[in-house]
Structure formats: structure tokens, C-alpha cells
Amino acid sequence: MNKLDLLYDVLVDKMWSQTFYNEQMLLMINPVARELFMRLRDEETQHVLVLRTEITAMEANPFAPAKILPGLETRPRFRL
């Protein structure tokens, strides 16, 4: 399993958590408990945004130049 697959797994988990917290928030009568679940949901939303940004960046640039040109780091004249 590569890093991208792991990020997708974490993203799905965070989205499920976000849904759970939102559903619990809607069921709460106690305003303190409702606020807690709202904060937890919003925190998961921020995590989802960070993960999506990271996944998008990885998919846009799938290969580092050093992986395409293996001698890139060992021979200084090829440095970017």
C-alpha cells in the first residue's frame, strides 16, 4: 500500500467521522453537547480539506524528478 492509498483510507475515515458527528449534533438537545459535536464535526472538516489538498498535490505531481532520473541526486551537474 502506497502513501496515496493510505491518504484515501484516512480521508474516507474522516468523512465517516464528520457524518457521525453531524448526525449526533442534530440529535442533541443539550446545547453544550450540541456545541461539542459541532466543534468535532468542524475539526473533521478541516482534516478533510487538508487531506484533499495533499491528495490533489500528489496526483498532480506523481513522480519526483529524482525517481525518473536516478542519478539526479548523486551527480551535482543535474541538480534542478
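Keep in mind that what you see is a predicted model, and the values were worked out from it rather than measured.

The rules behind these values
Per chain, residues are indexed from 1 in the order of the written sequence. Per-residue local features are limited, in this predicted model, to residues with pLDDT of at least 70; the limit for side-chain atom pairs, both in listing and counting, is 80 or more; totals at the level of whole chains, interfaces and linings are taken over all residues. Side-chain numbers here rest on the full set of heavy atoms in the structure, without hydrogens or water. Note on conventions: DSSP H or I runs of at least 4 residues are helices, E runs of at least 2 residues are strands, and numbering of each starts at the N terminus. The buried label applies to any residue whose accessible area, calculated with a 1.4 Å probe on protein chains only, is under 20% of its type's maximum; exposed applies above 50%, and partly exposed to all values in between. Residues count as neighbours in contact if any of their non-hydrogen atoms are within 4.5 Å of one another. Only the protein chains shown count as cover for residues, with accessible areas throughout obtained via the Shrake-Rupley method and a probe of 1.4 Å. An axis is simply a line fitted to the C-alpha atoms; with a helix, the fit covers only the stretch in contact. Between two such axes, the angle follows the N-to-C directions and lies from 0 to 180 degrees. For classification purposes, angles smaller than 35 degrees are called roughly parallel, those larger than 145 roughly antiparallel, those between 65 and 115 roughly perpendicular, and all remaining angles oblique. Crossings are assigned a handedness: left-handed for a near helix turned anticlockwise from the far helix by less than a right angle, right-handed for a clockwise turn. Gly is placed with the polar residues, together with every amino acid not listed as nonpolar (Ala, Val, Leu, Ile, Met, Phe, Trp, Tyr, Cys and Pro) or charged (Asp, Glu, Lys and Arg). Each residue after the first adds 1.5 Å to the expected span of a helix. Side-chain atoms alone can form a polar contact between residues adjacent in sequence; in general such a contact is a pair of N or O atoms within 3.5 Å, and within protein one must be able to donate a hydrogen while the other accepts it. Each salt bridge in this description consists of a side-chain nitrogen of Lys or Arg and a carboxyl oxygen of Asp or Glu lying within 4 Å of one another.

Asks: So what's going on with the overall build of the chain? Residues and values would help.
Replies: Across its full length, the chain holds three helices and zero strands. Starting at the N terminus and ending at the C terminus, the chain contains elements arranged as α-α-α. Taken over 80 residues, the chain has a buried fraction of 20%. Here the analysis covers contacts within the chain between residues at least 6 apart in sequence; of these, 54% occur between residues at least 24 apart. Just so you have it, the chain exposes about 6500 Å², and 62% of that area is on carbon and sulfur atoms.

Asks: For the packing of helix α1 (residues 3-27) against helix α2 (residues 31-60), give the residues involved together with the corresponding values.
Replies: In contact at an axis separation of 8 Å, α1 and α2 are set at 160° when each is read in the N-to-C sense. Taken together, the axis directions place α1 and α2 in an arrangement best described as roughly antiparallel. Crossing angle aside, the handedness with which α1 passes α2 is left-handed. Residue classes in the contact of α1 with α2 are distributed as 16 nonpolar, six polar and eight charged.

Asks: Hey, could you go over α2 for me, with residue numbers and the actual values?
Replies: Over its 30 residues, α2 runs 43 Å from end to end, which matches the ideal 44 Å to within 8%, given 1.5 Å per residue. By the burial criterion, the buried members of α2 are A33, F37, R41, E44, V48, L51 and I55. Of the surrounding secondary structure, the elements contacted by the buried residues of α2 are α1. Of the residues flanking the start of α2, the one acting as N-cap is N30, its side-chain oxygen 2.9 Å from the backbone nitrogen of V32.

Asks: How would you summarise the pattern of salt bridges if you had to cite specific residues and measurements?
Replies: Using the criterion set out here, one finds two salt bridges in the structure. Here K14 makes a salt bridge to E44, at a shortest N to O gap of 3.4 Å. Placement of K14 in helix α1 and of E44 in helix α2 is noted, with a sequence separation of 30 residues between them. In this structure, K14 and E44 share a single accessibility class: buried. The partner of R41 in a salt bridge is D42, with the nearest N and O atoms 3.0 Å apart. On the basis of relative accessibility, which here comes to 35%, the residue D42 falls in the partly exposed class.

Asks: I'd like to hear about the side chain of R41, residue by residue, with values.
Replies: Mapping R41 onto the fold places it in helix α2. For R41, the residues in contact, after removing those within four places along its chain, are Q18, Y21, N22 and M25.

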